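# Coordinate inspection notes
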Amino acid sequence: MLTTLFSGIPPAAAAPEDSSAVAAPSGSDRPLSKAASEEASLFALPTNHDHIGRVVVAAMVNGKGPFRFIVDTGATHSTVSPGLVHALGLQPSEVPSIVLNGITGTARVSAVTLDRLQAGDMTFDHLVAPVVWAPVMAGADGILGAAGLTGRSLSVDFERNEVRISRGVEMSVRADAMKIHATVTHGLMTLSMQVGRVHGLAVIDTGSERTLGNPALRDALKLRARTGAEALVTSVYGATEQVERGEIWRAPTILIDALRINNVQVVYGDFHIFKVWEMQDTPAMIVGMDILGTVGSLGIDFRNDYVYFTSSRADTTTFTPTGNLSPTLQKK
């Protein structure tokens, strides 16, 4: 099942100055208005300049390129942008359309066949790829889904701005890393977590810019009763036309194995993707790049189901995301 995650929070009208709503790309297979396109461009953050930008690798398509593909561990299939389809003259696949499951809903999109897609030492032949509207790609040419990484490893060194797809996690990542065993759920790397006193599941998603929680987690934390406050409310846009309501709450300390994560603003909502993953009744969280991008390095061993983290500081057990959700994101 195709699962492509792109998430963001557009500015709420009449939001207070210190609100945590931010601009986000809107996904559909039709052109965006000029204003919407400008908002979407705020998320075109190159990984080598911004630690909350998504992980990007160079890929060859049909022997041409290189092209920029976002590595998305929350996506089970790879996708391409309309621009790449046009540039390479890609032909429609035998399956004329595919149902796309995104954060907020579903959409039926066209598909093309790639004779060959190559990234690192990984090669796919005769790959059927859905075509997703370019602003959803945040300026990239395609999405490299985690399903394609079966038997491979992803190593991301944020401090040296290096991304590698290979047969094993880089020694430089493994040497001083915290090693955590993962469970594969619907093709996704899922870790056991604890938020405050609540136990649940955490999906490692390099394709999501922000960390998202489901209603089961929000309700188990009893956020309204504990804080006595009301949540900031915003709209969440994904890869499809549907828009979901989201509530922004600061999370208690998040524990994943020996990893402690503090000061995270989580967006909670009844997001469609949790139903696709059959996680709607269990406290669950999508761990996005606002957390993952603050570590020194990230390694994912898809063959053996391990995730590796190293800290960018001497303290290897506590990671604090930099900054809060803000009205705008700076392009760098």
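Description of the structure in this document.

This part takes up the pattern of salt bridges. Per the counting criterion, the structure on display carries five salt bridges. Here Arg116 and Asp125 are joined by a salt bridge, their closest N and O atoms 2.8 Å apart. Residue Arg116 is classed as partly exposed on the basis of its relative accessible area of 40%. For Asp125, a relative accessible area of 43% corresponds to the partly exposed category. Between Arg245 and Glu247 there is a salt bridge, with its nearest N and O atoms 3.0 Å apart. Its relative accessible area of 3% is what places Glu247 among the buried residues. Because the salt bridges share partners, they merge into one network encompassing Arg218, Asp219, Arg245 and Glu247.

Buried residues dominate strand β13 (residues 198-204), accounting for five of its seven residues. Linking strand β12 (residues 188-195) back to β13 in an antiparallel pair, the connection comprises two residues, with Gly196 at a positive phi of about 60°. Pairing of β13 with strand β20 (residues 284-287), which is carried by four bridges, proceeds in the parallel orientation. Across the sheet, Val203 pairs through a bridge with Ile286, a residue of β20.

This paragraph deals with the packing of aromatic side chains. On inspection of all chains with the given rule, the structure shows two aromatic pairs. Relative to Trp277, the ring of Phe274 has its centre 6.2 Å away and its plane inclined at 90°; by these criteria the two rings are edge-to-face. For the pair Phe274 and Trp277, one class covers both residues: buried. Among the aromatic side chains, those forming a connected cluster through ring pairs are Phe271, Phe274 and Trp277. The ring of Tyr306 carries the charged tip of Lys179 above its face, separated from the ring centre by 4.2 Å.

With that out of the way, let us pick up the sheet that holds strand β10 (residues 178-181). Taken together, five strands build an open sheet; the order of strands is β9-β8-β21-β22-β10 and the sheet is antiparallel. In this open sheet, the two strands that pair with only one neighbour each are β9 (162-166) and β10. Averaged over neighbouring strand pairs, the angle between their axes works out to 10° when direction is ignored. When strand β8 (residues 153-157) meets β9, the two strands line up antiparallel, connected through five bridges. Bridge assignment links Leu154 to a residue of β9, and that residue is Ile165.

Rules used throughout
- Here the residue numbers are simple positions, counted from 1 along each chain's written sequence.
- Whole-chain, interface and lining totals are the exception, using all residues; otherwise, since this is a predicted model, local features are given only for residues with pLDDT of at least 70 and side-chain atom pairs are given and counted only at 80 or more.
- In computing side-chain properties, one takes all heavy atoms of the structure into account and sets aside hydrogens as well as water.
- Here a salt bridge means any side-chain nitrogen of Lys or Arg lying within 4 Å of a carboxyl oxygen belonging to Asp or Glu.
- We call a residue buried when its accessible area falls under 20% of the maximum for its residue type, exposed when it is over 50%, and partly exposed in between, using a 1.4 Å probe and counting protein chains only.
- The way it works is that DSSP assigns letters per residue, a run of H or I at least four long becomes a helix, a run of E at least two long becomes a strand, and they are numbered from the N terminus.
- When DSSP finds two or more bridges between a pair of strands, those strands are recorded as paired.
- Here a Phe, Tyr or Trp ring, Trp counted by its six-membered ring, pairs with any other such ring whose centre lies within 6.5 Å, and the pair is stacked when the planes are under 30 degrees apart, edge-to-face when over 60, and tilted otherwise.
- Counted as over-ring charges are cases with an Arg CZ or a Lys NZ within 6 Å of the ring centre that also lie within 35 degrees of the ring normal.
- Orientation is described by lines fitted to C-alpha atoms, with helices fitted over the stretch in contact, and by angles between N-to-C directions that extend from 0 to 180 degrees.

Don't take any of this as a statement about function, it's just geometry.
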